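# Structural description and commentary
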Amino acid sequence: TALASSRGRVTVLGDDSQIRALAGPSTRVVDAGGRLVLPGFQDTHIHLQESGTRHAMDLDLQGAYSLDHLKDRLKAFAMANPGRAWIKGHGWYTGIFNDRNLTRQVLDEAVPDRPVHLSSSDYHSAVINTKACAAIGLDATVKDPENGYFSRDEKGVPTGMLNEAAMEFARERMPQTSDAEWEEGVRWGQRHANQHGFTGVLDALVTDRHLRIYDALDKRGELTVRVASTALVEPSDGVKQALDRIEGFRRDYHSDMLKVHSAKFFLDGVFENRTAAMIDGYMDEIGGNAPVMFGENHLRELFIAFDAARFQIHCHVIGDKAVRVALDSLQAAREVNGGWPSLHQLAHVQLVRPEDVP
């Protein structure tokens, strides 16, 4: 019915009288009132800073199951926030809404007079209205970026739906979130985590900005969850460039509450916007396929280098082609560097060829 702990570890279990007898004058005594006491839960894949900030600041579209419901929520949020230059939201369901039924014209019906930006529930797509298209300079002349695309109508005019790297085109041209807002988002996210018993998280995509924000909170004693993190490697990164940057992160951000221990690779996107990389093509009326986002030889070189530097490798893989390429590249790293307790991870893994399971 009671426990004693010292230096972060449980040392003794027993009944109330046994454990109370161990307490000294400086011992902290907590009466849990007969409730269950558990070790802190450790989250294994979350985007705490982004999702916390969006929940703290923006319209949450969870629970919107129809276009009318989505438009009503959007209109009400815009009316309640008349001073906002941009109306931003997140959480629309990719299983319900897509580039055929969610367009800039639909958003214009709710908010015609200000730019609107709504991220999907999986953060692999976003939709903007006509005012936002004009604000960021998105029209039929803008080419699709590598590893992303703008959904378009039959005349080639963007519909407002942004997929994968096309979202970056918009974000780079929108008003930027301030450090103070990111910090408030972390506070929102860690408060939510703490309320549910989570004392540690894995932030599954960090850049220098994420680490700057976490570090500032850490140095002020404001982090209430331990943040382990995976630092993003881009397809455009050279091997040395990426390794130098992330080795610097590991060296510079290593405290009791914040660390960088792995490298994050997005090998493909998601099925809902047709960017999951497949061995066979898509079999619907559109057909086609999506490429793995890294060249396969380049990916092997990166994996070998990061594995040799004793980083964990954390891969976003959805389609069976992405899974196979990740497995092959991890095997190449093991063949070059030998085995070690690496704990490399493939995350999501929605489709795997049976022959790749072993």
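Parameters and conventions
- Residues numbered from 1 in each chain as written.
- Predicted model: local features only at pLDDT ≥ 70, side-chain atom pairs only at ≥ 80, totals over all residues.
- Heavy atoms only, no water.
- Helix = DSSP H or I, 4+ residues; strand = E, 2+ residues; numbered from the N terminus.
- Buried < 20%, exposed > 50% of the residue type's maximum accessible area, 1.4 Å probe, protein only.
- Contact = heavy atoms within 4.5 Å.
- Areas by Shrake-Rupley, 256 points an atom, 1.4 Å probe, with all protein chains shown as cover.
- Lys, Arg positive; Asp, Glu negative; His and termini not counted.
- Charge placed at Lys NZ, Arg CZ, Asp CG, Glu CD.
- Axes fitted to C-alpha atoms, helices over the stretch in contact; angles between N-to-C directions.
- Parallel < 35°, antiparallel > 145°, perpendicular 65-115°, else oblique.
- Left-handed = near helix turned anticlockwise from the far one by under 90°.
- Nonpolar A, V, L, I, M, F, W, Y, C, P; charged D, E, K, R; others polar.
- Pairing = 2+ DSSP bridges.
- Salt bridge = Lys/Arg side-chain N within 4 Å of Asp/Glu carboxyl O.

## Brief notes about the overall build of the protein
- Scanning the protein for helices and strands turns up eleven helices and 14 strands.
- Reported as C-alpha extents along the three principal axes, the dimensions of the protein are approximately 80 × 55 × 35 Å.
- For the protein, the proportion of its 358 residues judged to be buried stands at 46%.
- The contacts in the protein between residues at least 6 apart in sequence include a share of 71% that link residues at least 24 apart.
- As displayed, the protein has an accessible area near 18,600 Å², and 53% of this comes from carbon and sulfur atoms.
- With 40 positive and 50 negative side-chain charges, the protein shows a spacing of 4 Å between the two charge centroids.

## Observations concerning the packing of helix α7 (residues 179-195) against helix α8 (residues 208-219)
- It is the contact of α7 with α8, at a shortest axis distance of 10 Å, that shows an interaxial angle of 70°. Relative to α8, the element α7 is oriented roughly perpendicular. Here α7 runs over α8; the crossing is right-handed. Contact residues: α7 offers Asp179, Trp182, Glu183, Val186 and Arg187, while α8 offers Arg209, Arg212, Ile213, Tyr214, Ala216 and Leu217.
- In the contact of α7 with α8, the residues fall into six nonpolar, no polar and five charged.

## So, the environment of phenylalanine 265
- When you line up the elements, phenylalanine 265 lands in strand β12 (residues 258-266).
- In this structure phenylalanine 265 comes out as buried when scored by relative accessible area, which is 0%.
- The spacing of phenylalanine 265 and phenylalanine 294 is 29 residues in sequence and 8.8 Å in space, taken between C-alpha atoms.
- Once residues lying within four places of it in the same chain are set aside, the contact partners of phenylalanine 265 are Val233, Phe294, Leu299, Leu302, Phe303, Phe306, Ile313, His314, Cys315 and His316.

## With respect to the sheet that holds strand β6 (residues 116-120)
- Strand order in the open sheet made by the six strands is β4-β5-β6-β7-β9-β8, with mixed pairing throughout. Taken across any chain shown, the strands that pair with only one partner, and hence form the sheet edges, are β4 (59-60) and β8 (148-152).
- Across two bridges, the pairing between β4 and strand β5 (residues 87-92) is parallel. Residue pairing in the sheet places leucine 59 in a bridge with glycine 89 of β5.
- Sheet strands touched by helix α3 (residues 67-80): β4, β5 and β6. Its angle to β5, the strand with the most contacts, is close to 150°.

## Side note on the pattern of salt bridges
- Enumeration over the complete set of coordinates arrives at 26 salt bridges.
- Across the salt bridge formed by arginine 353 and aspartate 280, the nearest N and O atoms sit 2.6 Å from each other. Placement of the pair is arginine 353 in the segment after β14 (345-348) and aspartate 280 in the loop between β12 and α10 (296-308), with a sequence separation of 73 residues.
- When its relative accessible area of 46% is taken as the criterion, aspartate 280 is described as partly exposed.
- One connected set of salt bridges, linked through shared partners, spans Asp280, Asp320, Arg324, Arg353, Glu355 and Asp356.

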